[in-house]
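What follows is the residue order along each chain.
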Amino acid sequence: YTNYLHIKKDRPLHKIVIHYATSGFGIDMRCITNAYDFVQKEKPVEHEGQKVKEYALVVDVSGLPINKEFLIVVEATYWNGFSNLSEEDASTYTDQEIHGLDELGLIVFFPEQKPFKEYQLLDKPVNQKEDGYRGESSFYGDKDKKFIYWSVKQRLPSHHYRLKWTW
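Just so we're clear, the structure is a prediction, and the values are computed from it rather than from any experiment.

S.K.: Please explain the packing of aromatic side chains as it appears in this structure.
M.R.: For any pair of aromatic rings, geometry is given as the distance between the ring centres together with the angle between the planes. If you walk through the whole model with that rule in mind, you get 14 aromatic pairs. Both rings, one in Tyr133 and one in Trp150, keep their centres 5.4 Å apart while their planes meet at 70 degrees; by these two values the pair is edge-to-face. You can see Tyr133 sitting in the loop between β11 (131-132) and β12 (137-141) and its partner Trp150 sitting in strand β13 (residues 147-152), a full 17 residues away along the chain. Taking 5.8 Å as the distance between ring centres and 90 degrees as the angle between the ring planes, the aromatic pair formed by Trp165 and Trp167 counts as edge-to-face. Neither residue differs from the other here; Trp165 and Trp167 are each classed as buried. These aromatic residues form a ring-pair network of at least three members: Phe110, Phe116, Tyr119, Phe139, Trp165 and Trp167. The side chain of Lys114 reaches across the aromatic face of Trp167, ending 4.2 Å from its centre.

Here it is as structure tokens:
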């Protein structure tokens, strides 16, 4: 997993906290562009009938200038991820403050021997019920079913966006 975040500080800020979760064994993670701390929540939470381990990457941005764009690159290995034999999902989210958010997207590459069959685009406000995504987006499902690209154009604050597929 690689996460590219293009960010511009609009006020003094010392750190950015980026949240991750998995129902697999765990996540090994690093930030290759900035100093960081990697934190795991002590107790897994229940999410849709599964125990989910939650993590946070606390990225140091104290030395970066205000009003200038910079890049944060996060690399991660999700151990035992995507092991459900019939369906899986990948998701991203927005925080409350999304001023200046130019793009929010997911690209999922599928193994040669395990292409996707069907997919759903879903969204929901934090702590509310999920529904089919009806907003504007750019979407491309590869004709050979080897990758899916979804860029959410109609982004809302404090929302989760989920791409769900069957194998």
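S.K.: Please clarify how the environment of Ala21 should be interpreted in this entry.
M.R.: Structurally, Ala21 is set in strand β2 (residues 15-22). In the structure, Ala21 is positioned 70 residues away from Ser91 in sequence and 9.9 Å away in space, judged by C-alpha atoms. Ala21 has contacts with Ile27, Val52, Lys53, Glu54 and Tyr78, leaving out every residue within four places of it along the chain.

Scoring rules and cut-offs
- Residues numbered from 1 in each chain as written.
- Predicted model: local features only at pLDDT ≥ 70, side-chain atom pairs only at ≥ 80, totals over all residues.
- Heavy atoms only, no water.
- Phe/Tyr/Trp six-rings, centres within 6.5 Å; stacked < 30°, edge-to-face > 60°.
- Helix = DSSP H or I, 4+ residues; strand = E, 2+ residues; numbered from the N terminus.
- Buried < 20%, exposed > 50% of the residue type's maximum accessible area, 1.4 Å probe, protein only.
- Lys NZ or Arg CZ within 6 Å of the ring centre and 35° of its normal.
- Contact = heavy atoms within 4.5 Å.

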